[in-house]
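Commentary on secondary and tertiary structure
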Amino acid sequence: MTVKELATKLDLHFLCGEEQADRPVTGCYCGDLLSWVMSRAKEGDAWLTVMGNINSVGVAVLADIACIVLTENAPFDLPALERARQNRVVVLQAQKNTYEIAAAIANLFG
Amino acid sequence: MSILKLHYDIDGSDFTRAGEASGKVKRVLKKLGLDAEAIRNVSIAMYEGEINMVIHAGGGEIDVEISSELVTIVLTDHGPGIEDVSLAMKEGYSTATDNIRSLGFGAGMGLPNIKKYANEVAIDTKVGVGTTITIKIYVPDCSAEL
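Residues numbered from 1 in each chain as written. Chains lettered and ligands numbered in written order. Predicted model: local features only at pLDDT ≥ 70, side-chain atom pairs only at ≥ 80, totals over all residues.

Further remarks concern the overall build of chain B. Helices and strands together make up the secondary structure of chain B, namely five helices and five strands. Along chain B, helices (α) and strands (β) appear in the sequence β-α-α-β-β-α-α-α-β-β when read from the amino end. Its C-alpha atoms give chain B a radius of gyration of 15 Å, within 12% of the compact-globule value 15 Å for 146 residues. Along the first, second and third principal axes, the C-alpha set of chain B runs to 45 × 30 × 25 Å. Going through the 146 residues of chain B one by one, you find that 40% of them count as buried. Here the contacts in chain B between residues at least 6 apart in sequence split such that 67% fall between residues at least 24 apart. (Helix = DSSP H or I, 4+ residues; strand = E, 2+ residues; numbered from the N terminus. Rg over C-alpha atoms; globule rule 2.2 N^0.38 Å. Buried ≥ 20, exposed ≤ 12 C-beta atoms within 10 Å, placed from the backbone. Contact = placed C-beta atoms within 7 Å.)

All names here are of chain B. Here we have five strands laid out as an open sheet, ordered S1-S2-S3-S5-S4, and antiparallel in their pairing. Two strands bound the open sheet, and with one partner strand each, they are strand S1 (4-11) and strand S4 (120-126). This sheet shows a mean twist of 10° between the axes of neighbouring strands, independent of strand direction. Two elements, strand S3 (residues 70-77) and strand S5 (residues 130-138), share eight bridges in a ladder whose sense is antiparallel. Of the residues in S5, the one forming a bridge with aspartate 77 is threonine 131. (Pairing = 2+ DSSP bridges. Axes fitted to C-alpha atoms, helices over the stretch in contact; angles between N-to-C directions.)

Right, let's get into the pairing of strand S2 (residues 27-30) of chain A. All names here are of chain A. By the bridge criterion, four bridges tie S2 to strand S3 (residues 45-49) in an arrangement that is parallel. Considered in S3, the bridge of glycine 27 is made with aspartate 45. Between S2 and its parallel partner S3, the chain crosses via helix H2 (residues 34-40), and the hand of that crossover is right-handed. (Right-handed = clockwise from strand over helix to strand, strands pointing away.)

The next subject is the packing of helix H3 (residues 54-62) of chain A against helix H4 (residues 78-86) of chain A. Residues and elements named next belong to chain A. The interhelical angle for the contact between H3 and H4, taken along N-to-C directions, is 25°, at an axis separation of 7 Å. Taken together, the axes of H3 and H4 lie roughly parallel to each other. Across the interface between the two elements, Ile54, Ser56 and Val57 from H3 touch Pro79, Ala80, Arg83 and Ala84 from H4. Of the residues in the contact of H3 with H4, the class split is five nonpolar, one polar and one charged. (Parallel < 35°, antiparallel > 145°, perpendicular 65-115°, else oblique. Nonpolar A, V, L, I, M, F, W, Y, C, P; charged D, E, K, R; others polar.)

Turning next to the interface of chain B and chain A. Chain B puts 18 residues into the contact, and the matching count from chain A is 16 residues. Contributions of two or more residues to the side of chain B that touches chain A are made by helix H1 (20-32), helix H2 (36-57) and helix H5 (110-117) of chain B. Per element, the largest residue contribution to the side of chain B that touches chain A is four residues, and it comes from H2 of chain B. Residue composition of the side of chain B that touches chain A, by class: seven nonpolar, eight polar and three charged.

Shown next, in the form of structure tokens:
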């Protein structure tokens, strides 16, 4: 499944990185503590979080995350958006909460 | 065998730039074609050290040496030092402030993550003087040409 397919199926809104929409999503990880995520998320994961700051982008880059999904329409500040664009990180926003999105992704992966 | 040396001055006053040096090293390692797992290990271990340096020590310096068999990262700061290293190595222990925690840090995973992803770690710290952390990560079956 690609990032674009994930976005379409779960009604996720692109904040940036649409040009990377063909990147494969191979799993999912949920968490807001950055070191925890850095250590445990896997390459290619969709990362569900409400932590929308510049340091989240750093974690996504270093951990090779497929995309950040900001759940419950959590805000993504301007410095973070600029850094995400520079580093070609895909950032999506979801109206639903982390549990709902994670459950939907689990269903998609069957 | 040649060795590539990189040096970074880490600004302790700008939290928005914390992690930049780790990102640059990762890009260099990718270009060199190092083993993917070694790159991930270097990225995580160095990032944790860099973030710790900004959170706790007001910045510092990072020197990275890359050979075809080994990546060595030396993080040097002149911060307050670590009072109890064995306590700091425990997952979940943190002295980070609430402000830092609100940014998603302070999980008490910094040094434990470094230990987890490094092959060798040496911590030389003195209260009131500073801390030097030397991290070594082995590079298996490397096809990189240095």
